[in-house]
Amino acid sequence: MAGSLTREGLTVAEGRRGGPLIVTEDVELLDDLLRLCAAAGAEPEVHHGPPGRRGGWERAPMVLVGDDAAARCRGAARRRGVMLVGRDQDDPDVWRRAVEIGAEYVLRLPDSEGWLVDQIANAAEGVGRPALTVGVIGGRGGSGASTLACALAVSAARSGRRTMLIDADPLGGGIDVLLGGERAEGMRWPDFAHSKGRLGGGALEDSLPALHGLRVLSWGRDDEVTIAPQAVRAVLAAARRLGGVVVIDLPRRVDEGVAEALAQLDLGLLVVPGELRAVAAAQRVASTVRMVLDDVRVVARGPYAAGLDERWVAQAIGLPLVGELPPEPDLLAAQDAGMPPGGSARGPLARFCAEFWEQAAAAAGEPGSTAAPAGGGTP
């Protein structure tokens, strides 16, 4: 593999936690906060003052203190995630009260409702760094992009990362088929066709088929092949909030839904066979993709036409080279036997994917990683 991979963090978020601690005696304010917690899918704990039992104030993922309760919270331990909430837009003493209780934010309802719902949901889900999100797209038809996407996801799951594989190509036949899971129970894209707003990451994960240690969102076997852009945005945002790794298998065309997917990627991998027509086609694909995504890199695939190699392919397209996708002997026979792409940890495809993730982990400073970025490519 060539080049280096950079990304701020590659961690698995903690599991879902409890809801926020609400401290108020204001009935109307409490009703509003309970409504916002319900919208965020969180179950709060309600008190009139700081909890009497040891650790309740410190343990909550976040604390929402009503204006009426600020005086009662002055002696509580200082901690992060305290928010002072009220309705009076012109209260001259609100900042003084916020300082007294160590509040990080002062929120006025209803103006801050949308932002507060997101924060409550993040706290309840234990959201940390978002998932490293990698998209795979073919430079031409039959380039092996779906195979690589599957192998990357299988490899990430095998290494212990929380992993989700998302099929963004409605005409690709269903990536669950490549994993031998076309009959697996769980939701498919048509079930999310009318989603909008915020989806809970944990609820999304629980609803999807579990195959080979990862969760898979694929297409169904019906005729629905169009998902509204806002549904794509909601699903991918929920997947990213879970942390770990998200791999997206992308089509070569870019419509509004695919543009939403590209906008949430950290890195795009363009799989290009080593032949002149494939390079010419990949140049057009790269030009379109880069209108949305800045970081696109080449994975070259042999065999090569005379005079070509992986570096020539990348230079001709004008993109950095990740490496050469190795051939996998007996890939089709292994799939017929129930082995997904990259399923054999000792196979060349699995080794390629493992090195890819190891470089990503090393660049992000993930604990326990020792690989140094490989040289010879463009960073």
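Conventions adopted
Residues numbered from 1 in each chain as written. Predicted model: local features only at pLDDT ≥ 70, side-chain atom pairs only at ≥ 80, totals over all residues. Heavy atoms only, no water. Helix = DSSP H or I, 4+ residues; strand = E, 2+ residues; numbered from the N terminus. Buried < 20%, exposed > 50% of the residue type's maximum accessible area, 1.4 Å probe, protein only. Pairing = 2+ DSSP bridges. Right-handed = clockwise from strand over helix to strand, strands pointing away. Axes fitted to C-alpha atoms, helices over the stretch in contact; angles between N-to-C directions. Contact = heavy atoms within 4.5 Å.

1. Focus on unusual backbone geometry
Residue Leu 109 is joined to Pro 110 through a cis peptide bond whose omega torsion reads 5°. By the secondary structure assignment, Pro 110 is in the loop between β5 (105-108) and α4 (113-125). The omega torsion of the bond from Gly 302 to Pro 303 falls at 0°, within 30 degrees of zero and hence cis. Mapped onto the fold, Pro 303 is located in the loop between β12 (296-301) and α11 (310-317). One non-glycine residue, His 212, lies in positive phi territory at about 55°. Along the chain, His 212 falls in the loop between β8 (210-211) and β9 (214-217). A relative accessible area of 37% means that His 212 is categorised as partly exposed.

2. Remarks on the pairing of β5
The pairing of strand β4 (residues 82-86) with β5 spans 4 bridges and is classified as parallel. Across the sheet, residue Gly 86 finds its bridge partner in β5, namely Arg 108. Between β4 and its parallel partner β5, the chain crosses via helix α3 (residues 94-101), and the hand of that crossover is right-handed.

3. Examining the sheet that holds strand β3 (residues 63-66)
Spatial ordering of the open sheet is given by β2-β1-β3-β4-β5, a layout of 5 strands whose pairing is parallel. Two strands close off the open sheet at either side, each with one partner strand: β2 (45-47) and β5. Each adjacent strand pair in this sheet contributes to an overall mean axis angle of 25°, direction not counted. Pairing analysis gives 3 bridges linking strand β1 (residues 21-23) to β3, with the strands arranged parallel. Residue Leu 21 lies in a different strand from β3, and its bridge partner there is Val 63. Contacts from helix α1 (residues 27-39) reach β1, β2, β3 and β4 within the one sheet, and its direction differs from that of β1 by about 170°.

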